[in-house]
Amino acid sequence: MEENNETGMYQQVSGIIEKDIRPFIEADGGFIELEKVEDDGIVYVKLAGACAGCPGAANDLKAGVERILKMKVPQVSEVR
């Protein structure tokens, strides 16, 4: 079940992506978009721009985005 886009964990995750993650991704020519946050803590994002075809994008997603979100929102279980 998907979290309401205006409340709860979605808002927390969205704020962290906007403030803490997006500036670093955009500095490298990429873009990140939050698609949805499920009640089980799985966060879905879309990478675009330079990130879309980058061989390191999967590593950035797990090592960077997922690590930051898990640290700041303990309910996050995974980022896809």
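Our structure's up above, just so we're on the same page.
Residues numbered from 1 in each chain as written. Predicted model: local features only at pLDDT ≥ 70, side-chain atom pairs only at ≥ 80, totals over all residues. Heavy atoms only, no water.

A. Representation of the nonpolar core within the structure. Val13, Ile21, Val43 and Leu69 are the most contacted members of the largest nonpolar core, which totals 20 residues. Residue assignment for this core shows that the elements contributing at least two residues are α1 (8-27), β1 (30-37), β2 (42-49) and α2 (57-72). (Core = buried A, V, L, I, M, F, W, Y, C linked by side-chain atoms within 4.5 Å. Buried < 20%, exposed > 50% of the residue type's maximum accessible area, 1.4 Å probe, protein only. Helix = DSSP H or I, 4+ residues; strand = E, 2+ residues; numbered from the N terminus.)

B. Representation of the sheet that holds β2 within the structure. The three strands are arranged β1-β2-β3 in an open sheet whose pairing can be described as mixed. Here the strands that pair on one side only, and so sit at the sheet edges, are β1 and β3 (78-79). In the sheet, β2 pairs with β3 via two bridges, with the strands oriented parallel. Looking at the pairing, Val43 lines up with Val79 of β3. Relative to β1, α1 is tilted by about 170 degrees, and along the sheet it contacts β1 and β2. (Pairing = 2+ DSSP bridges. Contact = heavy atoms within 4.5 Å. Axes fitted to C-alpha atoms, helices over the stretch in contact; angles between N-to-C directions.)

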